[in-house]
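Take a look at the letters that make up each chain.
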Amino acid sequence: MSLLTIEHLTQRFGEKILYEDASLRVNKGDHMGLTGQNGVGKSTLVKVLTGEILADDGTITWQNNIKIGYLDQYVEVIGNSTINDFLHQAYQPLYEIEEKINGLYAEFGETSEGKLLERAGNLQTQLDESDFYQIDTIINDLANGLGIEAIGLDRSMKELSGGQRSKVILAKLLLEEPDVLLLDEPTNYLDDTHIKWLIDYLNNFDGTFIIVSHDYHFLNAVTNCICDIEFGKLTKYTGNVEKSFAQKEQNKESYLKQYHAQQAKIEKAEAYIRKYKAGNRATMAKSRQKQLDRVERMAPPGSLMKPQIVFPYQSIVASLALITNGLVIGYSNPLLAPINVSVHSGEKVAIKGFNGIGKSTLIKTLTGKITPISGEYQYPANTKIAYFSQDLTWKNDYLTPLAYLSDCFPKKTIKEIRTYLAKCGLPDKLVNQQLRLLSGGEQTKVKLCELTMDSSNIIFLDEPTNHIDIIAKESLRQAIQQFQGTIVIVSHEEDFYTDITDRVINIEEMIQ
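Residues numbered from 1 in each chain as written. Predicted model: local features only at pLDDT ≥ 70, side-chain atom pairs only at ≥ 80, totals over all residues. Heavy atoms only, no water.

Caption draft 1: A look at the packing of aromatic side chains. Throughout the structure, instances matching the rule amount to eleven aromatic pairs. For the pair tryptophan 197 and tyrosine 201, a centre-to-centre distance of 5.5 Å together with 20° between the ring planes defines the contact as stacked. With tryptophan 197 and tyrosine 201 both in helix H7 (residues 192–203) and four residues apart, the pair spans about one turn of that helix. On the accessibility criterion, tryptophan 197 (24% relative accessible area) is partly exposed. (Phe/Tyr/Trp six-rings, centres within 6.5 Å; stacked < 30°, edge-to-face > 60°. Helix = DSSP H or I, 4+ residues; strand = E, 2+ residues; numbered from the N terminus. Buried < 20%, exposed > 50% of the residue type's maximum accessible area, 1.4 Å probe, protein only.)

Caption draft 2: Structural detail: empty space enclosed by the protein. Within the structure shown, the criterion is met by four cavities of 30 Å³ or more. A volume near 100 Å³ is recorded for the largest cavity. If you go around the largest cavity, you meet 13 residues; those closest to its centre are Val341, Ile351, Leu362, Leu366 and Ile505. Counting residues per element, the ones that place at least two in the lining of the largest cavity are strand S10 (320–328), strand S12 (348–352) and helix H11 (359–366). Among the residues forming the lining of the largest cavity, the class breakdown is twelve nonpolar, one polar and no charged. (1 Å grid on protein atoms, 1.4 Å probe; cavity = no way out; pocket = protein on both sides within 12 Å on 5 of 7 lines; lining within 4 Å. Points joined across faces, edges and corners; volume = space filled by probe spheres on them. Nonpolar A, V, L, I, M, F, W, Y, C, P; charged D, E, K, R; others polar.)

Caption draft 3: Looking closely at the nonpolar core. In this structure, Ile83, Leu202 and Phe218 are the most contacted members of the largest nonpolar core, which totals 48 residues. Leaving out residues up to four positions away in the same chain, isoleucine 83 has contacts with Ile148, Ile151, Gly152, Leu153, Arg155, Met157, Leu160 and Val168. If you look at the next biggest cluster of nonpolar residues, it comprises 36 residues, including Phe311, Leu451, Ile468 and Ile489. (Core = buried A, V, L, I, M, F, W, Y, C linked by side-chain atoms within 4.5 Å. Contact = heavy atoms within 4.5 Å.)

Caption draft 4: Expanded view of unusual backbone geometry. The phi torsion at aspartate 21 lies on the positive side, around 55°, for a residue other than glycine. Inspection of the secondary structure puts aspartate 21 in strand S2 (residues 16–27). Residue classification places aspartate 21 among the partly exposed positions, given a relative accessible area of 35%. Positive phi outside glycine occurs at asparagine 382, with the angle close to 70°. Along the polypeptide, asparagine 382 turns up in the loop between strand S13 (374–378) and strand S14 (385–388).

Caption draft 5: Quick look at helix H10 (residues 282–294). Its 13 residues give H10 an end-to-end C-alpha distance of 19 Å, which sits within 8% of 18 Å, the value for a rise of 1.5 Å per residue. Within H10, the full set of buried residues consists of Ala282, Ala285 and Leu292. Looking straight down H10, one finds that the buried residues subtend no more than 75° of arc, so they occupy a single side. Those residues of H10 that are exposed and angled more than 90 degrees off the buried face are Thr283, Lys290 and Arg294. (Expected span 1.5 Å × (residues − 1). Arc of directions from axis to C-beta.)

Caption draft 6: Representation of the side chain of asparagine 188. Relative to the helices and strands, asparagine 188 is located in the loop between strand S6 (180–184) and H7. Given the relative accessible area of 3%, asparagine 188 is considered buried. In this view, asparagine 188 contacts Glu463, Asn466, His467 and His492; residues no more than four positions away in its chain are not counted.

Caption draft 7: Summary view of the domain arrangement of the protein. Under the domain assignment, the protein is made up of domain 1 (244–293) and domain 2 (320–397 + 452–510). Measuring from the centre of the C-alpha atoms in domain 1 to the corresponding centre in domain 2 gives 53 Å. (Domains from an automatic or database assignment.)

Caption draft 8: View of the sheet that holds S13. Pairing within the open sheet is antiparallel, and its three strands lie in the order S11-S10-S13. Bordering the open sheet on either side are strand S11 (342–344) and S13, each of which pairs with just one other strand. With direction set aside, neighbouring strand axes in the sheet form an average angle of 5°. Contacting S10 and S13, H11 runs over the sheet at an angle of about 115° to S10. (Pairing = 2+ DSSP bridges. Axes fitted to C-alpha atoms, helices over the stretch in contact; angles between N-to-C directions.)

Caption draft 9: Here's a closer look at the packing of helix H12 (residues 401–408) against helix H14 (residues 440–452). Contact geometry for H12 and H14: axes closest at 11 Å, N-to-C directions at 25°. By the criterion of interaxial angle, the relationship of H12 to H14 is roughly parallel. Handedness of the H12/H14 crossing: right-handed. Taken together, the residues of H14 that come into contact with H12 (itself represented by Pro401, Tyr404, Leu405 and Cys408) are Val446, Cys449 and Glu450. Looking at the contact of H12 with H14, its residues break down into six nonpolar, no polar and one charged. (Parallel < 35°, antiparallel > 145°, perpendicular 65-115°, else oblique. Left-handed = near helix turned anticlockwise from the far one by under 90°.)

Rendered as C-alpha cells:
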C-alpha cells in the first residue's frame, strides 16, 4: 500500500511550469532520492508535500495516521533555549505523560481513589516501554554522531550559525522518529565524518524517506529508488542513483525521439492550416485544427544548458600567496590554537575539519570580513581576492540577477552580463526573475557568475557545491583546475575536491 500518492500534480512558480499532470507513488520502506537539474522544483515538491505550498492542481494523499518529519532549517526557536533543551523537546509527549502520572499520584494522596492508581499504572507502563529512561544517553549519542557535542549542548540556539542550527534541527527531527522523513539537502552543513554517520543512520532507518540532495555520492549510498524531475514529470526509478540514471538515459532518448516526432507532426498540421484556412479546403483546415487542439502535447525538454565557468586570472609575481603568523580566529573566544600556515602561489588547498570548528570563520577572517583576535596574515603586493560565501543572503533579494550584477559592475553592458550569466548556466528567461524566486542552485550560479566577471589571483570558496547540480559541479571543478592563481576551498564533498587540490589542511589538528 502506498504511503503517499501524488496524482495529476501541476505546479507553476512565477512564469515557470515545474510539473504538469505529474503522478508518483511512494511505498512503505522506500528510501527515495529526489533528483533533477537546478530549478526543476525539488524543494518546491517537498513544500507541497508538507502543505507549506498549495498545489495549483492535483491531489496529494498521505496514508492515515502517518507521522511526517520535515527538516525545516528555518523553524522558529522560541525563547533562549539551549541546544540540550531544544533536543529534549523531541520527547515532549513522554514528559507530558510523566506530568500526568505525578498529577494522578498527587490526586490519589488527597482522595485515595483506586482508579487513579490504575490510570497511573497504565501510563507508567507506556513510559517503561518507551525510551524515556534512556533519553539523555540517546541525545548524547546522536549529538556525538552529528558533531553537536563539539558545539556544546549548553550553547543557546540563538547563538548558533546557520550551519550549526541546521545540524541541531536535523538531530531533533531524527530523535522524533517519524514514519516518513523529508530531508532537503541534509548534508549541506555536515563534514565527511558526520555524513558517514548519517549514511549509517539512514541505511538502518526502518521508515520511509525522501531526500533532496545534489551530493550523488551520498544519495548513492542511502537510496533504493529515485524520483527524477524532468520534462515537467515525476519519474520513479528502482535502485540507487547509479542504476536509476542508467535507466533514465534510456528513457530520455526514447522521450526525445517521441517529442521531436510529435513536434514534426504539429508543425506539418499547422502549416496545412495556415495554407488552407481561407481557401477551398477551409473545412478540412478547421477539421485539422480540431484534431490538433485535442492532441496532448508532450512537455518540451528541460534546459540542457551546460555551464562554462571560467575564473579570470590577474597575474602576480610572488612565491607565496598567503602567510599567517600566530593567527587567532573567533568572535569573543578563540576557536583554534594560533595558526601558522603558508600557501604557495598557484596552489589549490582544501580546508578540512568537522562542522562548527571554524573553517568559515577562518575564511571570513582571511578575507577581511572578521577581525582576528590576535596575530596576523599577510598577502604579497597586488593581491586581488575573490570570495564565495556559502550563505544565500542578499542585501535586496527583490533585485533580479541582471539588476544585482549591474549594480556590482556598472561598466558592464546588459548584453555582457547576460552572456556571463548564460555561461554560468542561468537561462535567459531567469535573468529578470527576482533573486528570492530562484532556487538555491540558481542563486548559487548568480554568485559564481559574480566571481567570473572580475579577475583575481586568490579565490576563497566556502562550500560552493551546496546547491548546484552535477553538471554545474563538473564545470566548477574544471574552472578550479584551470585557474592559474591560488584557490582555498572548504567543501564537505571530499569526492569533489580530492583530485583537484594539491594538499589538505586539517584544522582539527589546531584545536586548543
